[in-house]
Amino acid sequence: MFWKLLDAREPPAAAAADPATDERFMRHALALAERAEQEYDEVPVGAVLVSPDGEVVGEGWNRNIRDHDPSAHAEIVAMRQGGARLGNHRLVGCTLYVTLEPCAMCAMAMVHARIARVVYAATDPKTGAAGSVFDLLADPRHNHRVAVTGGVLAAEAGTRLTNYFRRKRGKPPLT
């Protein structure tokens, strides 16, 4: 009964979608993605978790290769940091900015954390779970749905990802 009452409360809303704000935080996420690639040779994905007040409460980049941890995607790292900083496993009202469309694991972590909104750059045509391959964030069977905005600085993020994999295969970068 307690859990039904808890879920019935109106959660705080995420900050309203503002293209300039979305671009600013996505640029921060892109800088983290660049750090992942340049410093750690990780797949260049970065994520920034922002509170309803507009404060960065978590950030991360892919660390699964370095940490030998299949769950250490940029989104998970940022949410872990945000949860520790806020002292709560619920990240109600927060917005997560990420340079690549979340996978199923990350999407379900967002649902469980009660993230209000995710903003992503490039779509993931193989494992995207925010609408391209799967649409886990909008599934009406969940007791929480995450608002989704895609395509913010998509070309820049997509080119970075493509060039990372081209480099790994010994091919010249795209411009």
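Before reading on, note that the structure itself is shown above.
Residues numbered from 1 in each chain as written. Predicted model: local features only at pLDDT ≥ 70, side-chain atom pairs only at ≥ 80, totals over all residues. Heavy atoms only, no water.

A. Region of the structure containing helix H2 (residues 19-40). With 22 residues, H2 extends 31 Å from end C-alpha to end C-alpha; this agrees with the ideal 32 Å at 1.5 Å per step. Looking only at H2, the buried set comprises Asp22, Phe25, Met26, Ala29, Leu30, Leu32, Ala33, Ala36 and Glu37. When H2 is viewed along its axis, its buried side chains cluster within an angular range of 160° and face the same direction. Facing away from the buried surface of H2 by more than 90 degrees, the exposed residues are Ala20, Arg24 and Gln38. Once H2 ends, the next one or two residues include Asp41, with phi positive near 55°. (Helix = DSSP H or I, 4+ residues; strand = E, 2+ residues; numbered from the N terminus. Expected span 1.5 Å × (residues − 1). Buried < 20%, exposed > 50% of the residue type's maximum accessible area, 1.4 Å probe, protein only. Arc of directions from axis to C-beta.)

B. Expanded view of the packing of aromatic side chains. Tallied over the entire structure, the rule returns three aromatic pairs. Measuring from centroid to centroid gives 5.2 Å for Phe25 and Tyr97, while their planes differ by 35°, and the two rings are tilted. On the criterion of sequence distance, the pair formed by Phe25 in helix H2 and Tyr97 in strand E3 (residues 95-100) is long-range, its members being 72 residues apart. The residues Phe25 and Tyr97 share a single accessibility class, namely buried. With a centroid separation of 5.8 Å and an interplanar angle of 15°, the aromatic rings of Tyr40 and Trp61 are classed as stacked. Of the two residues, Tyr40 sits in helix H2 while Trp61 sits in strand E2 (residues 56-61), which places them 21 residues apart along the sequence. The class of Trp61 is buried, set by a relative accessible area of 9%. (Phe/Tyr/Trp six-rings, centres within 6.5 Å; stacked < 30°, edge-to-face > 60°.)

C. Representation of the packing of helix H4 (residues 74-86) against helix H5 (residues 104-113). Where H4 contacts H5, the axes come no closer than 9 Å and their chain directions differ by 25°. Viewed along their axes, H4 and H5 adopt a mutual orientation that is roughly parallel. Viewed along their axes, H4 and H5 form a crossing whose handedness is left-handed. Contact residues: Glu75, Ile76 and Met79 in H4; Met105, Cys106, Ala109, Met110 and Ala113 in H5. When the residues that make up the contact of H4 with H5 are grouped by side-chain class, the tally is seven nonpolar, no polar and one charged. (Axes fitted to C-alpha atoms, helices over the stretch in contact; angles between N-to-C directions. Parallel < 35°, antiparallel > 145°, perpendicular 65-115°, else oblique. Left-handed = near helix turned anticlockwise from the far one by under 90°. Contact = heavy atoms within 4.5 Å. Nonpolar A, V, L, I, M, F, W, Y, C, P; charged D, E, K, R; others polar.)

Note that all results are geometric; they support no functional claim without further evidence.
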